[in-house]
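# Commentary on secondary and tertiary structure
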Amino acid sequence: MAIIKELSSHLADLIAAGEVVERPASVAKELVENAIDAGSNRITVEIENGGITYLRIADNGCGMAPEDAPVAFRRHATSKLRSEEDLAAIGTLGFRGEALAAISSVTRIDLFTRQREAIAGVHLHLEAGEIQVNEEAGCPEGTTIVVRDLFYNTPARMKFLKKDFTEAGYVLGVVQHAALSHPEIAFTLIRDGKQVFSTDGKGKLITPVFAVFGKEMTANMIEVPENEHNGLTVHGYIVKPHAGRANRSMQHFFVNGRYVKSRLMQAALEEAYRNAIITGKYPSGAIFLELPLSAVDVNVHPAKTEVKFSQEKPVFEAVYIACKNALAANDNTPQLEHKE
Ligand code: ADP
Ligand code: MG
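Note that the coordinates shown come from a computational prediction; the quantities given were computed from them, not determined experimentally.

On to the domain arrangement of the protein. Domain boundaries assigned for the protein yield domain 1 (9-198) and domain 2 (214-330). A C-alpha centroid distance of 29 Å is found between domain 1 and domain 2. Contacts between the two partners involve 13 residues from domain 1, matched on the other side by twelve residues from domain 2. Here the side of domain 1 that touches domain 2 gets three residues from one element, more than from any other, and that element is helix 7 (residues 164-181). Residue classes in the side of domain 1 that touches domain 2 are distributed as seven nonpolar, four polar and two charged.

If you want it as structure tokens, here you go:
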């Protein structure tokens, strides 16, 4: 008797959800990325209980058509990828068409969306990936998604969540990274009714830098002006050598607008401080690397924080040189001023 059977789509979603949705911050990351891809210039994230019981994200982006909205929750449904060729040069943050399917399979969701020119929008309610309500609704332009009760139907996963405070901290990290890479978007994070982070969306990088690193550290930062090397562009802000920290928690790296964890960029940054920083101290900063879309593969991990560079040496050099030059010029640089 045959014993091999295809998984039901619900079961497949649940398994996929394990890769995409680990904690509230992963939900926040996917939804913020969707809001960015939708062309929003204002994104508000609101959480309660670390985002476990309640996570709301409102954007003023392009919205979805009423007939598209239910499709967005199906697995591998995306408006961002059409052909195999597209895969070689991904310009949007999303492309797998997995996030909404995965998130909705382990939560209760309300979606409100209205396209810019449309008179009415649509409201969907889903439980465990099943659409329960699909109705016309008068809603603001853009998309609002409310995600409740993460992992309510998969209690085993619930156990891996940390205390609310810790989960809220991870969500804050997601919003901070998004704000750093998009100074042109006004971000707000509200935690348990209190605003804990915001940027003005006026396009100046110093604003999110100030919001993320704080007043004191920002006063000790120098700008890395845009520096081109072999077709790779680097810019950002880094600390003066005397302001090194005991750990690397304030190092943030971005590749083509995407927050990444990169040992390579970390090594290049630290190499630029060699002999300038006390042993055991690490530089802090936000470094942005821009390179041709085809020179980097973002398709290595579902959570997409790891990237693969087709060539590592030019990346190392570009980051190293940009930081080294900025540090060399530092002596003549007047103190940074920033007023809130
Ligand atoms: P992906 O982002 O990889 O395409 P998702 O599951 O995250 O996959 O989203 C599926 C689709 O739903 C997107 O391709 C997009 O068309 C639509 N969508 C999701 N979120 C938004 C949003 N905030 N505004 C407009 N469209 C959205
Ligand atoms: Mg997405």
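Orientation of helix 9 (residues 263-272) relative to helix 10 (residues 312-330), taken along the N-to-C sense of each, is 35 degrees, at an axis distance of 8 Å. As for how helix 9 packs across helix 10, the hand of that crossing is right-handed. Here Leu264, Met265, Ala267, Ala268, Leu269, Glu271 and Ala272 of helix 9 lie close against helix 10, whose contacting residues are Glu312, Val315, Phe316, Val319, Tyr320, Cys323, Lys324 and Leu327. Of the residues belonging to the contact of helix 9 with helix 10, the class tally is twelve nonpolar, no polar and three charged.

Bringing helix 10 into the picture now. An ideal rise of 1.5 Å per residue puts 27 Å on 19 residues; helix 10 measures up with 27 Å between its terminal C-alpha atoms. The complete set of buried residues in helix 10 reads Val315, Ala318, Val319, Tyr320, Ala322, Cys323, Ala326 and Leu327. Buried-residue contacts for helix 10 involve strand 9 (221-229), strand 10 (232-239), helix 9, strand 13 (285-290) and strand 15 (308-309).

Now for the sheet that holds strand 6 (residues 142-148). Spatially, eight strands are ordered 5-4-3-6-2-1-7-8 in an open sheet, and the strand pairing comes out mixed. For this open sheet the edge positions go to strand 5 (130-137) and strand 8 (194-198), each flanked by a neighbour on one side alone. For this sheet the average axis-to-axis angle between neighbouring strands, irrespective of direction, equals 15 degrees. Pairing between strand 1 (residues 42-48) and strand 2 (residues 54-59): six bridges, direction antiparallel. Looking at strand 2, one finds that Glu46 is bridged to Arg56. Here helix 7 sits on the sheet in contact with strand 1, strand 7 (186-191) and strand 8, set at roughly 170 degrees to strand 7.

Parameters at a glance
Residues numbered from 1 in each chain as written. Chains lettered and ligands numbered in written order. Predicted model: local features only at pLDDT ≥ 70, side-chain atom pairs only at ≥ 80, totals over all residues. Domains from an automatic or database assignment. Contact = placed C-beta atoms within 7 Å. Helix = DSSP H or I, 4+ residues; strand = E, 2+ residues; numbered from the N terminus. Nonpolar A, V, L, I, M, F, W, Y, C, P; charged D, E, K, R; others polar. Axes fitted to C-alpha atoms, helices over the stretch in contact; angles between N-to-C directions. Left-handed = near helix turned anticlockwise from the far one by under 90°. Expected span 1.5 Å × (residues − 1). Buried ≥ 20, exposed ≤ 12 C-beta atoms within 10 Å, placed from the backbone. Pairing = 2+ DSSP bridges.

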